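Working through the structure, step by step
Chain by chain, the residues:
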Amino acid sequence: MTCASVMRSAHALLLITVLFALGLFALGCSTESTDEPTGPLYDDVTQRHLPTDSLTGLSMDAMPGDVDDDGDLDLLLANEFRPNILLLNDGSGRFTDASDRIPSANHDSEDVAMADFDGDGDLDAVVVTEDDQTNEYYRNRGDGTFEDGGDRWPVAGTSNAVVAHDLTDDGAPDLVVGNNGQNVLLVNDGSGRFTDETERRLPQRDDVTQDVELGDVDGDGDLDLIVGNEDDNRLLLNDGSGSFADAPNGALPLRDTPEETREADFGDVDGDGDLDLFFANVRLFVDDANRQDRLLLNDGSGRFTDVTADRFPSEDRSALDGDFVDVDRDGDLDVVTSEVAYDGERITSRPYRVWRNDGSGRFTDATDALFPDGVTGRGLDAEAADYNGDGLVDLFLCSRGTVDRLLLGRATE
């Protein structure tokens, strides 16, 4: 099956969304090559393909999904203290602003998850919010227009992260929400109504969580949970029923110095069949936090070794996002990081960087070789998908306070 044909069913799109989250699906599969790229593999089509006048807000996160069931990937953007944005794709990777199709409100929106929460065959969405503690739930009417389903959301919290998956194996996607405070696990009854089952399914602990991601780290067939925090990160193992417990001491190496993680991602970087781990780190609110991103290799049983010093370049920039993507189309997972400049930090000319994998899980900076010049902005998030249906990986880049960008994969001979 080609990448393009995979995109043509809503159920496959849900699967692809999950696989992206796990770092297991690398677009560009039909164009795999072992040749070194001789020039940029992406074209910056921002001005031609995006409604730029609508995209100068405070984009925090983007989520691709076929919300109008026309066979291409649309985008829902979480916008901080401004109305969220829905972009509809015409199939060629050209987007129009269709934000009038979603409820409009100003919230401190941070993260997006999409799934068919109410079981009617179309994609719904949740958007979690931080400071004003007003999470949003958009129910798809079936035609790509959405109604407010907030009455089905049972909890409030200072939320920065959300991930959707069927954790209870009943066919309905559940939710894990990362909070400043106790994280929560919401179980879906199949109709899109959620019950808070945190007390019996998650350890009781106050964290300052910035990201939550799911992946089967111990090879037992269920999805485990990584929690990226402004303090110690945590690995939680699934007992098979959708209930989680802290992994044994030492399974996830912790730093001696403070670590302020904004993004975690799973992916098999060394080709040994298990999920490795990447932490994108910043120094924003934690004094003396070490901004060095981290790479950890899995031994197959869910025990990780920190190999950053030997396998990932030394750098001192705040990366708010890090994603495993096969950027150079050679069959292994590279890393894309998104960096933003805050007061006191230099503004980099390369806010989005590509760290190329040599196939064994060793990385080098290949940004200049793979990305075109002029990809500027303040990087918050990168979402990899095939937006124009040509089988190549593309990248939508959230840029806080400047124009979001779209890079389309360039065909090579």
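Residues numbered from 1 in each chain as written. Predicted model: local features only at pLDDT ≥ 70, side-chain atom pairs only at ≥ 80, totals over all residues. Heavy atoms only, no water.

Quick word on the sheet that holds strand β21 (residues 304-306)
Across the sheet, four strands lie side by side as β18-β19-β20-β21; this open sheet has antiparallel pairing. Among the strands making up the open sheet, the edge pair consists of β18 (260-267) and β21. For this sheet the average axis-to-axis angle between neighbouring strands, irrespective of direction, equals 25 degrees. In this sheet, strand β19 (residues 276-282) lies alongside β18 in antiparallel orientation, the contact comprising seven bridges. Residue pairing for β19: F266 is matched across the bridge by L277. (Pairing = 2+ DSSP bridges. Helix = DSSP H or I, 4+ residues; strand = E, 2+ residues; numbered from the N terminus. Axes fitted to C-alpha atoms, helices over the stretch in contact; angles between N-to-C directions.)

A few points about the confidence of the model for the protein chain
Overall, the predicted model of the protein chain reaches an average pLDDT of 90, with 88% of residues at or above 70. Contacts from residues 1-34, a stretch scored under 50 in pLDDT, to residues over four places away or in other chains number 66 contacts. (pLDDT = per-residue confidence, 0-100. Contact = heavy atoms within 4.5 Å.)

A closer look at the environment of V375
Relative to the elements of secondary structure, V375 occurs in the loop between α6 (367-370) and β26 (379-385). C-alpha separation for the pair V375 and T46, spaced 329 residues apart in sequence, amounts to 9.6 Å.

Considering the packing of aromatic side chains
Taken as a whole and judged by the stated rule, the model has eleven aromatic pairs. Ring geometry for Y42 versus F371: centroids 5.6 Å apart, planes at 85 degrees, classification edge-to-face. Taken together, the residues span a long stretch of sequence, with Y42 in strand β1 (residues 42-44) and F371 in the loop between α6 and β26 at a distance of 329 residues. A residue is classified by how much of its surface remains accessible, and F371, at 1% relative accessible area, is buried. Ring pairs connect the aromatic residues F278, F312, F324, W355 and F363, which therefore count as one cluster. (Phe/Tyr/Trp six-rings, centres within 6.5 Å; stacked < 30°, edge-to-face > 60°. Buried < 20%, exposed > 50% of the residue type's maximum accessible area, 1.4 Å probe, protein only.)

Regarding the nonpolar core
L75, L77, L87, F95, Y387, F396 and L406 are the most contacted members of the largest nonpolar core, which totals 21 residues. When neighbours within four sequence positions are excluded, L406 is seen to be in contact with D43, D44, V45, T46, H49, L50, G93, F95, Y387, L395 and F396. L41, V375, L397 and L407 belong to the second-largest nonpolar core, a separate cluster that totals 17 residues. (Core = buried A, V, L, I, M, F, W, Y, C linked by side-chain atoms within 4.5 Å.)

What to know about the pattern of salt bridges
As enumerated under the stated definition, the model contains 22 salt bridges in all. Of the charged contacts in the structure, one is a salt bridge between R350 and D368, with a shortest N-O distance of 3.1 Å. Taken together, the residues R350 in the loop between β23 (334-339) and β24 (352-357) and D368 in helix α6 connect sequence positions 18 residues apart. A residue is classified by how much of its surface remains accessible, and R350, at 9% relative accessible area, is buried. (Salt bridge = Lys/Arg side-chain N within 4 Å of Asp/Glu carboxyl O.)

A look at the environment of L123
Its place among the elements puts L123 in the loop between β6 (107-115) and β7 (124-129). Looking at L123, the relative accessible area reads 5%, which means it is buried. Considering only alpha carbons, one finds L123 and F146, 23 residues apart in sequence, at a separation of 9.9 Å.

A few points about the sheet that holds strand β22 (residues 319-325)
With antiparallel pairing, the four strands of this open sheet are ordered in space as β22-β23-β24-β25. The outermost strands of the open sheet, each flanked by one partner alone, are β22 and β25 (363-365). Shown here is a sheet whose adjacent strand axes are inclined to one another by a mean of 25 degrees, direction ignored. One ladder, built from six bridges, connects β22 with β23; its direction is antiparallel. Paired with F324 across the two strands is V335, which belongs to β23.

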